[in-house]
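Chain and residue survey
These are the residues of each chain, in order.
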2 protein chains.
Amino acid sequence: MRRGILIAAVVFAFTSLSHGQAASKLAERLGYPADAKLLIVHADDLGMAHSVNAATIKAFETGLVNSGSVMVPCPWFPEIAAYSVSHPEADLGLHLTLTSEWRLYRWGPVLPADRVPSLLGPDGYLHRTESEAAARVDPRHVEAEIRAQIERARAFGLRITHLDSHMGTLYQNEALFRVFLRVARENRLPVRISRDWLGRARFIPASLGPDDVVIDRIIEINNDVPPENWAAFYAEAIRSIRPGVTEIVIHLAYDDAEMRAATVKHSGWGAGWRQRDFDFFTGDAFRRLLREHNVRLITWAEVGKLIRAPRR
Amino acid sequence: MRRGILIAAVVFAFTSLSHGQAASKLAERLGYPADAKLLIVHADDLGMAHSVNAATIKAFETGLVNSGSVMVPCPWFPEIAAYSVSHPEADLGLHLTLTSEWRLYRWGPVLPADRVPSLLGPDGYLHRTESEAAARVDPRHVEAEIRAQIERARAFGLRITHLDSHMGTLYQNEALFRVFLRVARENRLPVRISRDWLGRARFIPASLGPDDVVIDRIIEINNDVPPENWAAFYAEAIRSIRPGVTEIVIHLAYDDAEMRAATVKHSGWGAGWRQRDFDFFTGDAFRRLLREHNVRLITWAEVGKLIRAPRR
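Figured I'd write up the structure that's included with this text. (Residues numbered from 1 in each chain as written. Chains lettered and ligands numbered in written order. Predicted model: local features only at pLDDT ≥ 70, side-chain atom pairs only at ≥ 80, totals over all residues. Heavy atoms only, no water.)

**A closer look at the overall build of chain A**
The helix and strand inventory of chain A stands at 13 helices and 7 strands. Taking 20 Å as the expected radius of gyration for a compact globule of 312 residues, we find that chain A reaches 19 Å, a close match to that expectation. In terms of principal-axis extent, the alpha carbons of chain A reach across some 55 × 50 × 40 Å. In chain A, buried positions account for 59% of the 312 residues. Excluding contacts between residues fewer than 6 apart, the proportion of contacts in chain A whose partners are at least 24 apart in sequence is 75%. (Helix = DSSP H or I, 4+ residues; strand = E, 2+ residues; numbered from the N terminus. Rg over C-alpha atoms; globule rule 2.2 N^0.38 Å. Buried < 20%, exposed > 50% of the residue type's maximum accessible area, 1.4 Å probe, protein only. Contact = heavy atoms within 4.5 Å.)

Next comes the structure, spelled out in structure tokens:
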């Protein structure tokens, strides 16, 4: 027992250290100066609703939002897949989806429900929350489903540059995280993971290997920020960006009838939230902040080259 | 051969006749004077999109649109099911759904896809058109799926008053029509069928029995009517209503971003079409026409009593 704990502690320290070193060199490994401040501005939830797709595509056109991830099981997936086909330069990953969180607007898995029964709630759709999902899913069903999401995305012509997890379900426990990493490695795709997430749970650093790319920091707004402080939160976040690779995770949509109905009576990530994100990240203030603080935008496609190319 | 044709002709004539007689008495059977002009104003496609649900609910509130049917496999089904629970007086049937016709916004069956594989197109969603569906589906899969749609609707608290068929798929051939009637009879629900449809195909009158309720006439606008003639088409239709039971089948939604994207590059039933239907059927001109021509609104729930009660 003692010996087991000791070994685990050593592995933990070693893994943290090795990722710490690797990450401090991430900018250089990507071909930038060691002190370069590199940023991925990443919109989540593409495919979830038309309003999300329309606002995100509009934001992509500004050049200020330059990456996003797609929910394959959602009804508007074909719209964003068609965009990907006509815009092969777009940096699109998959927002692997194991939950269907809204009250009045729902979806199920890509695989036939009877092949992945543990993914379904009693109403026949995916579970409502990441914690319900994590408690109930069979990791084998999860693995089959996320492989099917990747396969359907590719069948629709989407060129996947990275993977992340809607509502963080795949980070909820070690079994799910290991499935996530296994599928990502087989597909040679980077996953959303940052050095500041390594301490969240022991299994996170313990599951990572030397070839997994870990970015430096992930910034995301939360329910505690009142709407009037939205721009100030993001401005401060951008002023605080340090050398290395940072990702800002945002949620874009218009504050319109579709989005208001989809997100009704839900805590957070509502139509107003997404409109505020849209307004800030397509605005001049954001563009100025990037310039003033020498922040350079990069994509997951660039980060992913470190996996697909031999390590330097 | 000759004899077979003769028998078929006699059966056809007899069936037409018996339904002709029954229908001429339908107003009386429903407890109205024989010359009463009775009208169901019926909105199709509920659950298909938020815009459809919102416009239809608004139209129900005017009292001028008084019936509708729901697409259970669609993502916004839970929204209209919740409305049904909070408005148990609403006259809602199922718009049994075997097609997913739009380009960028799609859905699959209620049953696990591998239990009803013939219902799926190569992209993993339901077939795009009623003719593709009719040519490819296995009637056993259709029967299982429409039973599952009824079951899911009831599980969500929807009180089903009638059945019809999205894009008319279940009227495309005899095998499908017989499945449709069998499931409807078992559930003691009336189906959308009118005397003026009996001549469309021999199997239609041949499949009907003396206990099936056949209304007198169904009115539906079509692609040939230019937008500027929309109100004139409907006004003339209402002026021409004869005694008996007529259904006007309409498609309501707002001409908004969601609906425009959902119906993009599709011939007919677009966002503008649905807004025009909404404008006419919630407007004063329609209310005046009903009054001037002594047209009285009735529901499918009333018609269905003829099936659920012993025949007089």
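**Description of the state of the cysteines**
Scanning the entire structure with this criterion turns up 0 disulfides over all chains. With no disulfide of its own, cysteine 74 of chain A lies closest to cysteine 74 of chain B among cysteine sulfurs, the gap being 15 Å. Its relative accessible area of 1% is what places cysteine 74 of chain A among the buried residues. (Disulfide = S-S within 2.5 Å.)

**Remarks on helix 12 (residues 284–292) of chain B**
Residue and element names in this part refer to chain B. Residues of helix 12 that are buried: Phe286, Leu289 and Leu290. Buried positions in helix 12, seen along its axis, are confined to an arc of 100 degrees and lie on one side of it. Exposed and oriented more than 90 degrees from the buried face of helix 12 are Asp284, Arg291 and Glu292. At its buried positions, helix 12 is contacted by strand 1 (37–46), helix 9 (230–239), helix 11 (271–281) and strand 7 (295–297). (Arc of directions from axis to C-beta.)

**With respect to unusual backbone geometry**
With a phi angle near 60 degrees, methionine 167 of chain A is a residue other than glycine that sits in the positive phi range. Considering the arrangement of structural elements, one finds methionine 167 of chain A in the loop between strand 4 (160–165) and helix 7 (174–186). Located in the positive-phi region is asparagine 294 of chain B, a residue other than glycine, with phi close to 55 degrees.

**Quick word on the interface of chain B and chain A**
How big an interface is tends to be reported as the loss of accessible area on association of its parts. Taken together, the 24 residues of chain B in the interface contact 24 residues of chain A. Of the roughly 2100 Å² buried where chain B meets chain A, counting both sides, 65% is carbon and sulfur surface. The largest contributions to the chain B side of the interface with chain A come from Trp76, Leu104 and Tyr125 of chain B, which together make up 27% of the buried area. At the boundary of chain B and chain A, one finds 0 salt bridges. Linking chain B with chain A are 4 residue pairs in polar contact (both at pLDDT 80 or more), by the criterion used here. Listed by contribution, the elements that provide at least two residues to the side of chain B that touches chain A are helix 4 (77–86) and helix 10 (257–262) of chain B. (Buried area = accessible area lost by both parts, 1.4 Å probe. Salt bridge = Lys/Arg side-chain N within 4 Å of Asp/Glu carboxyl O. Polar contact = N/O pair within 3.5 Å; in protein donor to acceptor, adjacent residues only side chain to side chain.)

**Thoughts on the packing of helix 3 (residues 50–62) of chain A against helix 4 (residues 77–86) of chain A**
Residue and element names in this part refer to chain A. At a closest axis distance of 9 Å, the pairing of helix 3 and helix 4 adopts a crossing angle of 20 degrees. If you check the angle between helix 3 and helix 4, you find them roughly parallel. Where helix 3 crosses over helix 4, the two elements pack in a sense that is right-handed. Seen from helix 3, the contacting residues are His50, Asn53, Ile57 and Phe60; seen from helix 4, they are Glu79, Ile80 and Tyr83. A breakdown of the residues in the contact of helix 3 with helix 4 according to their chemical character gives 4 nonpolar, 2 polar and 1 charged. (Axes fitted to C-alpha atoms, helices over the stretch in contact; angles between N-to-C directions. Parallel < 35°, antiparallel > 145°, perpendicular 65-115°, else oblique. Left-handed = near helix turned anticlockwise from the far one by under 90°. Nonpolar A, V, L, I, M, F, W, Y, C, P; charged D, E, K, R; others polar.)

**Considerations on the nonpolar core**
Formed by 217 residues in total, the largest nonpolar core has its most connected members in Met48, Leu94 and Leu163 of chain A together with Met48, Leu94 and Leu163 of chain B. Dropping the residues within four chain positions of it, leucine 163 of chain A is found in contact with Leu94, Leu96, Ile150, Phe180, Ala184, Leu189, Pro190, Val191 and Arg192 of chain A. (Core = buried A, V, L, I, M, F, W, Y, C linked by side-chain atoms within 4.5 Å.)

**Some remarks on the pairing of strand 1 (residues 37–46) of chain A**
Residues and elements named next belong to chain A. Across the 10 residues that make up strand 1, a large majority, 10, are buried. Here strand 1 pairs with strand 7 (residues 295–297) via 3 bridges, running parallel. Looking at the pairing, lysine 37 lines up with valine 295 of strand 7. Looking at chain direction, strand 1 and strand 6 (residues 244–250) are connected through 7 bridges and run parallel. Each bridged residue has a counterpart across the sheet, and for isoleucine 40 the counterpart in strand 6 is glutamate 247. In this fold, strand 1 hands off to helix 3, which returns the chain to strand 2 (residues 67–70); that crossover is right-handed. (Pairing = 2+ DSSP bridges. Right-handed = clockwise from strand over helix to strand, strands pointing away.)

**Here we look at the relation of the copies chain B and chain A**
The operation relating the pair of chain copies consists of a rotation about an axis and a translation along that axis. Superposing chain B onto chain A takes a rotation of 180 degrees combined with a translation of 0.0 Å along the rotation axis, leaving an RMSD of 0.0 Å. Each copy turns onto its partner about a two-fold axis. Within chain B, the C-alpha atom positioned nearest to the axis of rotation is that of proline 112 of chain B, 2.2 Å from it. Most of the interface of chain B is mirrored in chain A, where 100% of its interface residues are also at the interface. (Least-squares fit on C-alpha atoms with pLDDT ≥ 70 in both.)

**What about the pairing of strand 3 (residues 92–96) of chain B?**
The side chains of a regular strand alternate between both faces of the sheet. All names here are of chain B. Among the 5 residues in strand 3, 5 count as buried, and that is most of the element. Here 3 bridges tie strand 2 (residues 67–70) to strand 3, and the two strands are oriented parallel to one another. Within the sheet, the bridge partner assigned to valine 70 lies in strand 3 and is leucine 94. This β-α-β element, strand 2 to helix 4 to strand 3, shows right-handed connectivity. Here 4 bridges tie strand 3 to strand 4 (residues 160–165), and the two strands are oriented parallel to one another. Residue leucine 94 lies in a different strand from strand 4, and its bridge partner there is leucine 163.

**Some details on the packing of helix 9 of chain B against helix 12 of chain B**
All names here are of chain B. Between helix 9 and helix 12, whose axes approach to 9 Å, the crossing angle comes to 15 degrees. The orientation of helix 9 with respect to helix 12, classified from their angle, is roughly parallel. Here helix 9 and helix 12 pass one another in a crossing that is right-handed. Together, Ala235, Ile238 and Arg239 of helix 9 and Phe286, Leu289 and Leu290 of helix 12 make up the contact between the two elements. Along the lines of polarity and charge, the residues of the contact of helix 9 with helix 12 split into 5 nonpolar, no polar and 1 charged.

**Notes on the side chain of histidine 251 of chain A**
Residues and elements named next belong to chain A. Checked against the element boundaries, histidine 251 lands in the loop between strand 6 and helix 10 (257–262). Its relative accessible area of 6% is what places histidine 251 among the buried residues. If we ignore the near neighbours within four places in the chain, the residues touching histidine 251 are Asp44, Asp45, Glu220, Trp269, Trp273, Arg274 and Asp277.

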